[in-house]
Amino acid sequence: MKRWPAIPLGQLVLPTEQRDPKEYPTEEFSYVDIASIDNGTKSIGTTKRIVGSDAPSRARKVIHTGDVIVSTVRPNLNAVARVPSNLDNQICSTGFSVLRPSPKVMSGYLFAFARSPIFVDYLVARTTGANYPAVNDGEVKDVPLPLPPLVEQKRIVDLLDEADELRKMRGNANHRTAVLIPALFHEMFGDPATNSKGWPLKPFGELVSNQDGRRKPVKKSDRAERRGQYPYYGASGIIDYVEKYLFDETALLIGEDGANLLARSTPIAFLAHGKYWVNNHAHVLTDNGNADLIYLCEALNLRDLTDYVTGSAQPKLNQANMNRIPIPVPPLELQKEFAQCVTEIRELEASQATSRTRLDALFQSMLHRAFNGEL
């Protein structure tokens, strides 16, 4: 194990400046706020283009290429990023601590340290405020950074970059896999909303057997014993809630209420297998031999159901409206061919998720080791 001198960040970074955009009311600039940080990739995502006259009061800190910005709010979330060249000389929120590397420390090494458990733990231990937990800029710059020679910093950064690139490649592969199923559906069956391939149409209620009437509450004592034993489903998929009705069959579950019916931020239909709990906020539908459940699941998730949802403040898809949704019905053999492809894609997704988890764990381990002189 190598022991390097630990030096407070404040002694390793350069002074930064502030600028009031309102002094230049007609000039447009890119504004980086906390919401701009993509916490998954630790990068700056979407920024706001605004003119100086519209600048918020927190838009003050000037950023330059290679700066490392650290959110001082909720440091446990580790909202950090490195400033890319296209945001050179732009403005970020005063909610960030801006770390500008001096010649003593590489930007990549500083960025890696800002993502490390050592850095996060140090700030979390100094967080104050219950409703708005935060640290101040001085506390960020008090964090001691183990400082090896520049050549050693580069070696560590290169190793971490290689590991991080593997994680990004896996993430890109996951994204490509996620769009395979909708693309395959449209290729095989066309748009389910317009029935662009002219398949016969049938009301959804004729294609499934509704099991809503079979809901029989499980005694509270039994629920307590089984809590956490089986998945639990509500209006928006698997959720953490009080279990109520226990089912033991493959079924298509459709969210009955909630804003998701209109916003469609997550799928409204999902398949459940084995034993699972369901509350009053999801319809339970089983196979009656007239259509494949996997096909029906995707057909519903790929179309707009606004015309069948009642209420705007509290959207609801009642059973009667759900039953009358027109569904294109291709030959059952073709539906099952699609279902087999979906099953294989889901298996691939599960394998990729396991791989991504392992890569994330490896990267976190490397970060920990890097700043303990073990890498």
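Everything that follows concerns the structure shown earlier in this document.
Residues numbered from 1 in each chain as written. Predicted model: local features only at pLDDT ≥ 70, side-chain atom pairs only at ≥ 80, totals over all residues. Heavy atoms only, no water.

Notes on the overall build of the protein chain
Working step 1: When helices and strands are tallied, the protein chain shows ten helices and 22 strands.
Working step 2: Within the protein chain, the proportion of its 375 residues that are buried is 45%.
Working step 3: Long-range contacts, defined here as pairs at least 24 residues apart, represent 78% of the contacts in the protein chain between residues at least 6 apart.
Working step 4: Carbon together with sulfur atoms contributes 53% to the accessible area of the protein chain, which is approximately 18,700 Å² in total. (Helix = DSSP H or I, 4+ residues; strand = E, 2+ residues; numbered from the N terminus. Buried < 20%, exposed > 50% of the residue type's maximum accessible area, 1.4 Å probe, protein only. Contact = heavy atoms within 4.5 Å. Areas by Shrake-Rupley, 256 points an atom, 1.4 Å probe, with all protein chains shown as cover.)

Side note on the sheet that holds strand 9 (residues 80-82)
Working step 1: One open sheet holds the four strands; their spatial order is 2-11-8-9, and the pairing between them is antiparallel. The two strands at the open ends of the sheet, each matched to only one other strand, are strand 2 (13-14) and strand 9.
Working step 2: With three bridges joining them, strand 8 (residues 68-71) and strand 9 adopt antiparallel strand pairing. Bridge pairing in strand 9 places Val68 opposite Arg82.
Working step 3: Across the face of the sheet, helix 1 (residues 107-114) comes into contact with strand 2, strand 8, strand 9 and strand 11 (96-101) while running at roughly 170° to strand 9. (Pairing = 2+ DSSP bridges. Axes fitted to C-alpha atoms, helices over the stretch in contact; angles between N-to-C directions.)

Overview of unusual backbone geometry
Working step 1: The residue Asn78 is not glycine, and still its phi comes out positive at about 55°.
Working step 2: Mapping Asn78 onto the fold places it in the loop between strand 8 and strand 9.
Working step 3: Exposure remark for Asn78: the relative accessible area of 9% places this residue in the buried category.
Working step 4: Of note, the phi angle at Asn195 is positive, near 50°, even though the residue is not glycine.
Working step 5: Tracing the sequence through the fold places Asn195 in the loop between helix 5 (180-189) and strand 13 (201-203).

Focus on the environment of Pro315
Working step 1: Relative to the helices and strands, Pro315 resides in the loop between helix 8 (293-301) and helix 9 (319-323).
Working step 2: Relative accessible area serves as the criterion here: at 4%, Pro315 is assigned to the buried category.
Working step 3: Note: C-alpha distance between Pro315 and Asp257 (58 residues apart in sequence) is 5.6 Å.

Concerning the sheet that holds strand 18 (residues 251-255)
Pairing between the strands of a sheet comes from backbone hydrogen bonds, and it takes one of two forms, parallel or antiparallel.
Working step 1: In spatial order, the strands read 14-21-18-19; together these four strands make up an open sheet with antiparallel pairing. Unpaired on one side and paired on the other, strand 14 (208-210) and strand 19 (269-272) mark the two borders of the sheet. The average undirected angle you get between the axes of adjacent strands in this sheet is 35°.
Working step 2: With four bridges connecting them, strand 18 and strand 21 (residues 282-287) associate as antiparallel partners. Residue Leu253 lies in a different strand from strand 21, and its bridge partner there is Val284.

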